Amino acid sequence: MARSRICRRLACIMLAWACAQPAWAAPRDLFFVTQLFPPFITQDAAGKPDGGLVAVLQEACRRLSWRCTVQVMVWKRALLMINLGEADGLVLAQDAPERRAVMDLSRPVLVSSYGLYARNGNPLRYRQPADLSGRSVAVYGPSLSQTNCEKLVQGVPGVDLKVELDPQTVLRKLSAGRYGAEGVAFSNDDVARYWIHSDGLSNLHQLAEVKTLAYLYGFTRSRVQPGMLDEFNRALDEMCRDGSLQKLAASYGIRPAACR
């Protein structure tokens, strides 16, 4: 009888402990969407998502015992899935009103910048947005790159904005002279360096860095469980403190955000 009471008491204690644990303490399946955006988002030879942001995400998920899957797709479809609540999160987000409208954002993970690019021999010496007057300016979109480019040239007379489907097309066309002898491109600097090296676009150079930025992860507000983002951020903070974040970023030639 005494043994039976002890067993029942132990069972009640274990049940109470289990109920007290947060829902995300158990292994959890999460589905993230993104676009190709090397070196931040790439694919290996087998088509598996790779790149700096994917590597950091998978390490954070491993530490939390989460099973995180990433699918690469067209950017417009990825954003639509987030808006419709059909994915748990977005890999490659910026802290912008468009993202905060539907997502809870993680701490900054990687830092980068936007810059202006031109063909060698272009006489432009960029000092201020007014210097772009009367020129073609190419950018990929729809994207936050396009949004930031439009803000840069707002009010500048005679700017002919050319919007392409991806950054690689922007840089290839710039290299081929498709935007005119004095055309320029607006691009993420890490992405531009990647494609200039990968595609051998040796006739391009950076005119100027125009804005710094940070990349992070977005969790779909309609799907995120209470406390999950805090746990995820703690895992990222731990990775920063123990040097894992820095090592992963360095392996892709990109820069980590500062530790908090």
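It should be noted that the structure appears before, not after, this text.
My aim in this report is to walk through the structure given alongside it, one point at a time. (Residues numbered from 1 in each chain as written. Predicted model: local features only at pLDDT ≥ 70, side-chain atom pairs only at ≥ 80, totals over all residues. Heavy atoms only, no water.)

### Brief notes about the side chain of Asn-188
Consideration 1: Looking at the secondary structure, you find Asn-188 in strand S10 (residues 184–188).
Consideration 2: At a separation of 2.8 Å, a polar atom in the side chain of Asn-188 contacts the main-chain amide nitrogen of Asp-190.
Consideration 3: Among the polar contacts made by the side chain of Asn-188, one reaches the main-chain amide nitrogen of Val-191 at a distance of 2.9 Å.
Consideration 4: With sequence-adjacent residues up to four places away left out, Asn-188 is seen in contact with Phe-37, Phe-40, Ser-112, Ser-113, Tyr-114, Leu-213 and Tyr-215. (Helix = DSSP H or I, 4+ residues; strand = E, 2+ residues; numbered from the N terminus. Polar contact = N/O pair within 3.5 Å; in protein donor to acceptor, adjacent residues only side chain to side chain. Contact = heavy atoms within 4.5 Å.)

### Observations regarding the pattern of salt bridges
Consideration 1: One pass over the structure, following the stated rule, counts 17 salt bridges.
Consideration 2: For the salt bridge of Arg-221 with Asp-104, the shortest nitrogen-to-oxygen distance reads 2.9 Å. Of the two residues, Arg-221 is situated in the loop between strand S11 (204–220) and helix H8 (228–241) and Asp-104 in strand S6 (residues 103–105); the sequence distance between them amounts to 117 residues.
Consideration 3: Its relative accessible area of 23% is what places Asp-104 among the partly exposed residues.
Consideration 4: The salt bridge involving Arg-260 is made with Asp-237; its shortest N-O contact spans 2.7 Å. Of this pair, Arg-260 sits in the segment after strand S12 (255–256) while Asp-237 is found in helix H8, placing the two residues 23 residues apart along the sequence. (Salt bridge = Lys/Arg side-chain N within 4 Å of Asp/Glu carboxyl O. Buried < 20%, exposed > 50% of the residue type's maximum accessible area, 1.4 Å probe, protein only.)

### Quick look at helix H7 (residues 189–198)
Consideration 1: Taken together, the buried positions of H7 are occupied by Asp-189, Asp-190, Val-191, Ala-192, Trp-195 and Ile-196.
Consideration 2: Buried residues belonging to H7 abut strand S7 (110–119), helix H6 (167–175), S10, S11 and S12.
Consideration 3: Between the side-chain oxygen of the N-cap and the backbone nitrogen of Asp-190 there are 2.8 Å, and the N-cap of H7 in question is Asn-188.
Consideration 4: Immediately downstream of H7, the backbone of Gly-200 shows phi near 65°, a positive value.

### So, the packing of helix H2 (residues 52–64) against H8
Consideration 1: Interhelical geometry of H2 versus H8 gives an angle of 110° and a closest axis separation of 9 Å. By the angle between their directions, the pair H2 and H8 is classed as roughly perpendicular. For the pair H2 and H8, the crossing hand works out as right-handed. Contacts between H2 and H8 involve Val-56, Leu-57, Glu-59, Ala-60, Arg-63 and Leu-64 on the former and, on the latter, Glu-231, Phe-232, Ala-235, Leu-236, Glu-238 and Met-239.
Consideration 2: Residues belonging to the contact of H2 with H8 are distributed by class as follows: 8 nonpolar, no polar and 4 charged. (Axes fitted to C-alpha atoms, helices over the stretch in contact; angles between N-to-C directions. Parallel < 35°, antiparallel > 145°, perpendicular 65-115°, else oblique. Left-handed = near helix turned anticlockwise from the far one by under 90°. Nonpolar A, V, L, I, M, F, W, Y, C, P; charged D, E, K, R; others polar.)

### Some words on unusual backbone geometry
Consideration 1: The omega angle of the peptide bond from Pro-38 to Pro-39 is 5°, so this bond is cis rather than trans.
Consideration 2: Take Pro-39: it is sitting in the loop between strand S1 (28–34) and strand S2 (42–43).
Consideration 3: Between Gly-141 and Pro-142 the backbone carries a cis peptide bond, its omega angle lying at 5°.
Consideration 4: The residue Pro-142 is located in the loop between strand S8 (136–140) and helix H5 (144–153) in this model.
Consideration 5: Phi at Ser-65 takes a positive value of approximately 60°, unusual for a residue other than glycine.
Consideration 6: Within the element layout of this structure, Ser-65 appears in the loop between H2 and strand S4 (66–72).
Consideration 7: Unusually for a residue other than glycine, Leu-92 sits at a positive phi of about 100°.
Consideration 8: By the element assignment, Leu-92 lies in strand S5 (residues 89–93).
Consideration 9: A relative accessible area of 5% places Leu-92 in the buried class.

### Regarding the layout of surface pockets
Consideration 1: The calculated volume of the largest pocket comes to roughly 390 Å³.
Consideration 2: For the largest pocket, the lining is made up of 22 residues, of which Gln-35, Leu-36, Leu-165, Asp-166 and Pro-167 are closest to its centre.
Consideration 3: Elements with a minimum of two residues in the lining of the largest pocket: S2, helix H3 (75–83), H6 and H7.
Consideration 4: Here the element with the most residues in the lining of the largest pocket is H7; it accounts for 3 residues.
Consideration 5: Looking at the lining of the largest pocket, its residues break down into 15 nonpolar, 5 polar and 2 charged.
Consideration 6: Estimates place the volume of the second largest pocket at around 150 Å³.
Consideration 7: Considering the residues around the second largest pocket, the lining is formed by Gln-94, Asp-95, Ala-96, Pro-97, Glu-98, Leu-144, Thr-147, Asn-148, Lys-151, Lys-211, Thr-212 and Leu-213.
Consideration 8: Contributions of two or more residues to the lining of the second largest pocket are made by helix H4 (97–100), H5 and S11.
Consideration 9: For the lining of the second largest pocket, the leading source of residues is H5, giving 4 residues.
Consideration 10: Residue composition of the lining of the second largest pocket, grouped by class: 4 nonpolar, 4 polar and 4 charged. (1 Å grid on protein atoms, 1.4 Å probe; cavity = no way out; pocket = protein on both sides within 12 Å on 5 of 7 lines; lining within 4 Å. Points joined across faces, edges and corners; volume = space filled by probe spheres on them.)

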